[in-house]
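Remarks on the overall topology
What follows is each chain in one-letter form.
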Amino acid sequence: ALAPKVLVPLAPGFEELEVVAPVDVLRRAGAEVTLATLDSTLAVRGRNGLTLVADTRWDALGEGAYDCLLLPGGPAVALLRRHAGLLARVRAQDAAGGWLAAICAAPTVVQDAGVLGGRRHTAHPSVAGELPRAELGEAVLVDGRLITSRGAGTALAFGLEVVARVVSPAQAAAVRT
């Protein structure tokens, strides 16, 4: 079987744990994860001053399909929400029946793309005003092909849930130990 492919958009101000924890466990589980910067430079600085080097630029991605589109949170979400190409890809991912994963404030991106619908979701309390139906008491919620999580403190649980759904429950169990 081909390794599942996961796409993670990176913008300045991303929440480091919400990228590193899921990407780490996904790669351990055998997924092919692509970090794509929305910027012109591959080096992207997170909210806490850590710099990650993306694999490619968003505008160089082409039309390839991904099994999962994973949206990290942090102040970068403001940039994700304004990126027409990302919003279009969120809609296309949903229309194709692919997985969408969003943590912290990133479920607002799913909402802005028009595909949150009536699905159960959680998010960071800072965006509760924009997501009045968010179940803030939940660390990780799965509804259909949407996986949402609360924030940095739930990033590892979020990553493991993405592994369980996108790769396999067995791989999630193996990585967990």
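Residues numbered from 1 in each chain as written. Predicted model: local features only at pLDDT ≥ 70, side-chain atom pairs only at ≥ 80, totals over all residues. Heavy atoms only, no water.

So, on to the side chain of Ser 149. Following the sequence through the fold, Ser 149 ends up in strand 9 (residues 146-149). Reaching out from Ser 149, the side chain makes a polar contact with the backbone oxygen of Ala 139 at a distance of 2.8 Å. A distance of 2.7 Å separates a polar atom in the side chain of Ser 149 from a polar atom in the side chain of Thr 154. The residues contacting Ser 149, other than those within four sequence positions of it, are Ala 102, Ile 103, Cys 104, Thr 122, Ala 123, Ala 139, Val 140, Thr 154 and Phe 158. (Helix = DSSP H or I, 4+ residues; strand = E, 2+ residues; numbered from the N terminus. Polar contact = N/O pair within 3.5 Å; in protein donor to acceptor, adjacent residues only side chain to side chain. Contact = heavy atoms within 4.5 Å.)

So, on to the nonpolar core. In this structure, Val 6, Leu 71, Val 90 and Val 162 are the most contacted members of the largest nonpolar core, which totals 59 residues. Element by element, the count of residues in this core is highest for helix 5 (residues 155-167), at seven residues. Aside from chain neighbours lying at most four places away, what touches Leu 71 is Pro 9, Leu 86, Val 90, Ala 101, Ala 102, Ile 103, Ala 106, Val 109 and Val 110. (Core = buried A, V, L, I, M, F, W, Y, C linked by side-chain atoms within 4.5 Å. Buried < 20%, exposed > 50% of the residue type's maximum accessible area, 1.4 Å probe, protein only.)

Moving on to the sheet that holds strand 1 (residues 5-10). Either a parallel or an antiparallel arrangement is found when strands of a sheet pair, and the pairing is made through backbone hydrogen bonds. Ordered by their spatial adjacency, seven strands build an open sheet running 5-2-1-6-7-9-8, and the pairing between neighbours is mixed. Edge positions in the open sheet fall to strand 5 (56-57) and strand 8 (140-143), since each of these has one partner strand only. Taken strand by strand, helix 5 contacts strand 1, strand 6 (68-71), strand 7 (99-103), strand 8 and strand 9, and its axis lies near 175 degrees from that of strand 7. (Pairing = 2+ DSSP bridges. Axes fitted to C-alpha atoms, helices over the stretch in contact; angles between N-to-C directions.)

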